[in-house]
Amino acid sequence: FSGTALLVVAYVGAFTCLFAAVIGCTQDDIKRVLAFSTLSQLGYMMLALGVAGMAVPLGYTASMFHLFTHAFFKALLFLGAGAVIHAVHTNDIWEMGGLAKKMKITHLTFLIATLAIAGIPPFAGFFSKDEILAAALAGGHPIVFGVALLVAGMTAFYMFRIYFLTFLGPHRSHHAEHAH
C-alpha cells in the first residue's frame, strides 16, 4: 500500500537491470554473460513490481509473466551454452565461431532463445517485456520506462553478440575447428 516503498522497488529494479546489463555487455565468458543477463532480467521483474499499484496493477502480472517466459528461454540458453562449452572446451566466446555447421540443433535452439530474450516478436520475451514497458508508462514512471527500454536494447545487443561470435563467422581457434 506504500507508494514510496513501491517507488524504491521500481528504482532499485531499474538500477539493477541497467547495471547488470552493462556488465553483461563487457563479459567474454559465455556463462558470465548469461548470468549477468539473469540478474538484469530479475531487475526488470522487480522494476515491474515497483511500478504496479492499486490503480494500475498491470506490473504485478507483467512481472510474473516475464518470470515464466524468462525461465524457459534462459534454461534453453544455459543448456545451449553447456553444449557449446562441452564441444569446444572453453567458455571464451572469442575462441568460438563457426559452430552453426557443427552444432545444428544447438544453433537453432540457441537462436530461438536469443530471439525470445531479445524481445523479437512473436517470441514470448516480446510480450512479457512489452507488458512491463506498458506498466511503467501506465503507472506514470517515464524515467523507469526509459531505463527499461534502454535495457531491452542492451539485452538484444549482448545476446546477439554471443550468438554471432559463437555460431557464425570463421573458427577463431583450434577449439572451434575441432568441436564435436
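What counts, and at which threshold
Every residue gets a number counted from 1 within its own chain, in the order that chain's sequence is written. Two thresholds apply to this predicted model, a pLDDT of at least 70 for residue-level local features and 80 or more for giving and counting side-chain atom pairs, whereas whole-chain, interface and lining totals are computed over all residues. Excluded from the side-chain calculations are hydrogens and water; all other atoms, namely the structure's heavy atoms, are used. Comment: elements are numbered from the N terminus, with helices defined as DSSP H or I runs of at least four residues and strands as E runs of at least two. The buried label goes to any residue with under 20% of its type's maximum accessible area, the exposed label to any with over 50%, and the partly exposed label to all in between, with areas taken from a 1.4 Å probe on protein chains only. By this rule, a helix spans an expected 1.5 Å times one less than how many residues it contains. We call two residues contacting when some pair of their heavy atoms lies within 4.5 Å. Each axis is a line fitted through C-alpha atoms, and for a helix only the stretch in contact is used; angles between axes span 0 to 180 degrees, taken between their N-to-C directions. Oblique is the label for every angle not falling under 35 degrees (roughly parallel), over 145 degrees (roughly antiparallel), or within 65 to 115 degrees (roughly perpendicular). Crossing chirality is assigned from the near helix's rotation relative to the far helix, an anticlockwise turn below a right angle marking it left-handed and a clockwise turn marking it right-handed. Each residue is assigned to one class: nonpolar for Ala, Val, Leu, Ile, Met, Phe, Trp, Tyr, Cys and Pro, charged for Asp, Glu, Lys and Arg, and polar for all the others, Gly among them. A pairing counts as a salt bridge when a side-chain nitrogen of Lys or Arg comes within 4 Å of a carboxyl oxygen of Asp or Glu. Aromatic pairing here means that ring centres of Phe, Tyr or Trp (its six-membered ring) are within 6.5 Å. Orientation follows from the plane angle: under 30 degrees is stacked, over 60 is edge-to-face, and everything else is tilted. Disulfides are defined in this document as cysteine sulfur pairs within 2.5 Å. Confidence scores labelled pLDDT are given residue by residue by the predictor and lie between 0 and 100.

1. Overview of unusual backbone geometry
Step number 1: Across the junction of P121 and P122, the peptide omega takes the value 5°, indicating a cis bond.
Step number 2: Despite not being glycine, H89 shows a phi value in the positive range, around 60°.
Step number 3: Relative to the helices and strands, H89 resides in the loop between α3 (58-88) and α4 (104-117).
Step number 4: The exposed category is assigned to H89, whose relative accessible area is 58%.

2. Considerations on α4
Step number 1: Here α4 contains 14 residues, and its C-alpha end-to-end distance of 20 Å stays within 8% of the 20 Å for a straight helix at 1.5 Å per residue.
Step number 2: The complete set of buried residues in α4 reads T106, H107, F110, A113, T114, L115, A116 and I117.
Step number 3: Residues of α4 that are buried make contact with α2 (30-51), α3, α5 (124-138) and α6 (142-167).
Step number 4: Trailing α4 by a residue or two, G119 shows a phi angle of about 80°, which is positive.

3. Section: the packing of helix α1 (residues 3-26) against α2
Step number 1: α2 packs onto α1 with a crossing angle of 160° between their chain directions and a minimal axis gap of 7 Å. The orientation of α1 relative to α2 falls into the category roughly antiparallel. α2 is crossed by α1, and the crossing has left-handed handedness. Along the contact surface, α1 presents L6, L7, V9, A10, G13, A14, T16, C17, A20, A21, I23 and G24, while α2 presents V33, F36, L39, S40, G43, Y44, M46, L47, L49, G50 and V51.
Step number 2: Partitioning the contact of α1 with α2 into residue classes produces 17 nonpolar, six polar and no charged.

4. Here's the deal with the pattern of salt bridges
Step number 1: In total, this model carries one salt bridge according to the counting rule given.
Step number 2: The salt bridge partner of R161 is D28, with a shortest N-O separation of 2.9 Å. Taken together, the positions of R161 in helix α6 and D28 in the loop between α1 and α2 put the pair 133 residues apart, joining distant regions of the chain.

5. Overview of the packing of aromatic side chains
Step number 1: Summed over all chains, the structure comprises seven aromatic pairs.
Step number 2: On the numbers, 5.0 Å between centres and 80° between planes, the contact of F126 with F127 is edge-to-face.

6. Some details on the side chain of T106
Step number 1: Residue placement: T106 occurs in helix α4.
Step number 2: Judged by relative accessible area, T106 falls into the buried class, the value being 15%.
Step number 3: Not counting chain neighbours up to four residues away, the residues in contact with T106 comprise G80, A83, V84 and F167.

7. So, the environment of M46
Step number 1: Residue position: M46 is located in helix α2.
Step number 2: Each C-alpha atom of the pair M46 and S63 lies 7.1 Å from the other, and the pair is 17 residues apart in sequence.
Step number 3: Every residue in contact with M46, bar those within four places of it in the chain, is listed here: V9 and G13.

8. Some details on the environment of A135
Step number 1: Within the secondary structure, A135 is located in helix α5.
Step number 2: Residue classification places A135 among the buried residues on the basis of a relative accessible area of 0%.
Step number 3: Taking the C-alpha atoms as reference points, A135 and S63, separated by 72 residues in sequence, lie 9.6 Å from one another.
Step number 4: With residues up to four places along the chain from it excluded, the contact list for A135 reads V51, L58 and G59.

9. Considering the state of the cysteines
Step number 1: One pass over the structure, following the stated rule, counts zero disulfides.
Step number 2: Left without a disulfide partner, C25 is nearest to the cysteine sulfur of C17, which lies 12 Å away.

10. Re the confidence of the model for the chain
Step number 1: Predicted confidence across the chain gives a mean pLDDT of 95, with 100% of residues reaching 70 or more.
Step number 2: Mean pLDDT across the elements of the chain bottoms out in helix α7 (residues 174-177) (77) and peaks in α6 (98).

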